Amino acid sequence: MTIEEVAREYVYRSIAKKWAASRQKLWYEFKDPLKTKDEIMDNVPVGITRDQWTSFVNYRYKEKTQMTETGREPGRAQLYLATHTKKDGSYVNDEAKEICPSDAASGPVSPTDARRSSGASNPSDNH
């Protein structure tokens, strides 16, 4: 590789990192776990066209994108919530609402939290 090729590669990598960081920053500024996807789409940032913002939000909500960010597939609790809630965030029926922990909408449920909510105990908890 020539010096010019090395410099060009460095510049391209630098631009790619800065572009990714700016997208991440933009998402975390406008992402609100209390809002639905449609509400986030309606909150278009200044300087971005509506169609670009809609495409960006759709991309961020794709399961593949979320899996890439976390490095793992969504857990059972996340899949249950995704399949038992409506687009507006409400549950599809009362049974689904009863099964889900009250704080399920705030994020993934750990196995420890699931055991606590079901009343099951862990033998290792008895010190």
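Residues numbered from 1 in each chain as written. Predicted model: local features only at pLDDT ≥ 70, side-chain atom pairs only at ≥ 80, totals over all residues. Heavy atoms only, no water.

Participant: What is the right way to look at the overall build of the protein chain in this model?
Facilitator: Helix and strand content of the protein chain: seven helices and zero strands. Across the 127 residues in the protein chain, those meeting the buried criterion constitute 12%. Summing over all exposed atoms, the protein chain offers an accessible surface of approximately 10400 Å²; the carbon and sulfur share of this is 54%. (Helix = DSSP H or I, 4+ residues; strand = E, 2+ residues; numbered from the N terminus. Buried < 20%, exposed > 50% of the residue type's maximum accessible area, 1.4 Å probe, protein only. Areas by Shrake-Rupley, 256 points an atom, 1.4 Å probe, with all protein chains shown as cover.)

Participant: What should I look at first to understand the packing of aromatic side chains in this one?
Facilitator: Aromatic rings considered in pairs are described by the distance between their centres and by the relative angle of their planes. Taken as a whole and assessed by the stated rule, the structure comprises four aromatic pairs. With 5.5 Å between their ring centres and 70° between their planes, Phe 30 and Trp 53 make a pair best called edge-to-face. Of this pair, Phe 30 sits in helix 1 (residues 3-30) while Trp 53 sits in helix 3 (residues 50-61), and the two are 23 residues apart along the sequence. The class of Phe 30 is partly exposed, set by a relative accessible area of 22%. (Phe/Tyr/Trp six-rings, centres within 6.5 Å; stacked < 30°, edge-to-face > 60°.)

Participant: Sorry, what's going on with the pattern of salt bridges here?
Facilitator: Pairs may arise between side chains of opposite charge once their charged atoms sit close together. Inspection of the entire model under this criterion finds four salt bridges. The closest approach of N and O atoms between Glu 4 and Arg 8, which form a salt bridge, is 2.9 Å. In this pair, Glu 4 and Arg 8 both sit in helix 1, four residues apart, roughly one turn of the helix. Accessibility expressed as a relative area gives 55% for Glu 4, which makes it exposed. Judged by relative accessible area, Arg 8 falls into the partly exposed class, the value being 42%. (Salt bridge = Lys/Arg side-chain N within 4 Å of Asp/Glu carboxyl O.)

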